[in-house]
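What follows is each chain in one-letter form.
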Amino acid sequence: MNFIPYGRQNITEEDIDAVVNVLKSDYLTQGPKVPEFENAIKEHCNVEYVLAMNSATSALHVACLALDVGKGDIVWTTPITFVASANCALYCGATVDFVDIDPRTYNLSIQSLEHKLKAAKEQGKLPKVVIPVHLCGQPCDMERIYQLSKNYGFSVIEDASHAIGGKYKNQPIGNCQYSDITIFSFHPVKIITTAEGGVATTKSEELAQKMELLRSHGITRDSDLMTHEPDGPWYYQQVDLGYNYRMTEMQAALGVSQIKRLSSITKSRHEIANRYNEKLARLAVIVPFQIQESYSGLHLYVIRLKLDKIKPTHLEVFKALRAANIGVNLHYIPVHLQPYYREHFGFKLGDFPQAEQYYREAISLPLYPDLSQEQQDYVVETLKDILAYD
Ligand SMILES: *Cc1c(COP(=O)(O)O)cnc(C)c1O
């Protein structure tokens, strides 16, 4: 069997034509494709403002800045996420803390969040921003998080890097009904891709305006945002310290072409996941738990090994799958256990027991639209053989 990765982009001739057409056009950056892509997401998410950037990491950074995260502030997120969900706060000079996960959904636990908020209030150390991550595409309980944000006075950034195409209570993720800003990633392993790329969505004109400035050097050509009358038609002003986080026209054109297939891509991810659910039902693994009231974007299919029911260790199962040319992965190493976080902030083993337990058992199986049934059966049969081995 040829190598089967855990995730892979789906690229059509139409996608290729879309990118080539941009290369033959007048604008490679700052042309019409970025607004077109932003409009397509606006429509899909039913949200007022969308800002495209060169990555979700950039979008997370700019989102924190727009919410005035700075030195002395505290940001909370989940330990089971990609490092970018936490690093964005550090870029702004803030500190990071984590909320342990729910052992069923692997998302940030609402119970732990409530406990931690109570304690933090007494100590005067409430977070300025909380960043829930919709792990594997399954939405967090946003209504509860929103209520807590009102009670305790923090802002909410949804890291929905795994979740475009998903729904929470029948509404598209990204509509920001229960958050200030939502972030999507379009890295090639994610649900749809622009190669590198990400967006921030928001209902707030003020936040959108701030993020728009910050993604492009803090420079404006809008005379309403200037401190004094323009000197002439060539004139722009830098009114804030921003970055170059712009998305290119090639990226945006690929995004426009990809988002047209979003619902069919999500549907095929669900079909593959349902097939895994059936075929893995009798193995010594825990298959993903799906909450009823939402529709997952299904970026990842994560199983947990029932280690007390099998002979091989987690590491042995993982290595045997890789040796069989199956590109399994582990999402994620708990962020608080990363050397940088241990060294700089004193986090240690034992700080977030549910996250650490998850890390000892989790494996992401291949899941992407072009995964054939034959390949999927090979993954299932190989796993079955490995688990039965003693
Ligand atoms: C991929 C990912 C990011 C970062 O996305 P980029 O577009 O690669 O910067 C952030 N958060 C989560 C949860 C991710 O999976």
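Because the structure is a prediction, the values reported are computed rather than measured.

Colleague: Where do I start with the site of the ligand in this structure?
Modeller: Taken together, 15 residues surround the ligand, and among them Thr-57, Asp-159, His-162, Ser-185 and Lys-190 come closest. Separating an oxygen atom of the ligand from a side-chain N or O atom of Ser-185 is a distance of 2.8 Å. Lys-190 is positioned with one of its side-chain polar atoms (N or O) 3.0 Å from an oxygen atom of the ligand. Relative to its unbound accessible area of 380 Å², the ligand is 93% covered by the protein chains.

Colleague: What am I meant to see in the domain arrangement of the protein chain here?
Modeller: Often the size quoted for an interface is simply the accessible area lost on bringing the parts together. Taken domain by domain, the protein chain consists of domain 1 (4-259) and domain 2 (262-387). On a C-alpha basis, the centres of domain 1 and domain 2 stand 25 Å from each other. Surface buried jointly by domain 1 and domain 2 totals about 4,100 Å² across both partners, of which 64% is contributed by carbon and sulfur atoms. Taken as a group, Ile-4, Tyr-6 and Tyr-106 account for 21% of the area that domain 1 buries against domain 2, more than any other trio of residues on that side. Along the contact surface separating domain 1 from domain 2 lie zero salt bridges.

Colleague: Looking at this structure, how should I read the packing of aromatic side chains?
Modeller: By convention here, two paired aromatic rings are described through the distance between centres and the angle between planes. Overall, the coordinates contain 14 aromatic pairs when judged by the stated rule. Aromatic pair Phe-98 and Phe-347: ring centres 5.2 Å apart, planes at 70°, arrangement edge-to-face. Remark: Phe-347 occurs in the loop between α11 (339-345) and α12 (353-361) and Phe-98 occurs in strand β4 (residues 95-98); sequence separation between them is 249 residues. For the pair shown, Phe-98 and Phe-347 are each scored as buried. Both rings, one in Tyr-168 and one in Tyr-178, keep their centres 5.8 Å apart while their planes meet at 90°; by these two values the pair is edge-to-face. Here Tyr-168, found in strand β7 (residues 167-168), pairs with Tyr-178, found in the loop between β8 (171-172) and β9 (181-185); they are 10 residues apart in sequence, far enough to count as distant. A relative accessible area of 6% places Tyr-168 in the buried class. Seen from the ring of Trp-76, Lys-116 lies directly overhead, with NZ or CZ sitting 5.4 Å from the centre.

Colleague: I keep staring at the side chain of Ser-149 and nothing clicks. Help me out?
Modeller: Topologically, Ser-149 is positioned in helix α6 (residues 142-152). Setting aside chain neighbours within four positions, we find Ser-149 in contact with Phe-154 and Val-156.

Colleague: How should I be thinking about the layout of surface pockets in this particular structure?
Modeller: Taking a probe equal in size to a water molecule and rolling it over the atoms shows the remaining empty space. Space inside the largest pocket adds up to approximately 550 Å³. Looking at the largest pocket, it is lined by 21 residues, and the ones nearest its centre are Gln-30, Glu-212, Arg-215, Ser-216 and Arg-246. Broken down by secondary-structure element, the contributors of at least two residues to the lining of the largest pocket are α2 (33-45), α7 (205-214) and β11 (219-220). In this structure, the second largest pocket encloses a volume near 330 Å³. If you go around the second largest pocket, you meet 22 residues; those closest to its centre are Thr-57, Phe-82, Ser-185, His-187 and Lys-190. Contributions of two or more residues to the lining of the second largest pocket are made by α3 (56-66) and α4 (84-91). Tallying contributions element by element places α3 first for the lining of the second largest pocket, with three residues. Viewed by domain, the lining of the second largest pocket spans two of them, domain 1 (4-259) and domain 2 (262-387), each represented by three or more residues.

Conventions we followed
- Residues numbered from 1 in each chain as written.
- Predicted model: local features only at pLDDT ≥ 70, side-chain atom pairs only at ≥ 80, totals over all residues.
- Heavy atoms only, no water.
- Near = heavy atom within 4 Å.
- Polar contact = N/O pair within 3.5 Å; in protein donor to acceptor, adjacent residues only side chain to side chain.
- Areas by Shrake-Rupley, 256 points an atom, 1.4 Å probe, with all protein chains shown as cover.
- Domains from an automatic or database assignment.
- Buried area = accessible area lost by both parts, 1.4 Å probe.
- Salt bridge = Lys/Arg side-chain N within 4 Å of Asp/Glu carboxyl O.
- Phe/Tyr/Trp six-rings, centres within 6.5 Å; stacked < 30°, edge-to-face > 60°.
- Helix = DSSP H or I, 4+ residues; strand = E, 2+ residues; numbered from the N terminus.
- Buried < 20%, exposed > 50% of the residue type's maximum accessible area, 1.4 Å probe, protein only.
- Lys NZ or Arg CZ within 6 Å of the ring centre and 35° of its normal.
- Contact = heavy atoms within 4.5 Å.
- 1 Å grid on protein atoms, 1.4 Å probe; cavity = no way out; pocket = protein on both sides within 12 Å on 5 of 7 lines; lining within 4 Å.
- Points joined across faces, edges and corners; volume = space filled by probe spheres on them.

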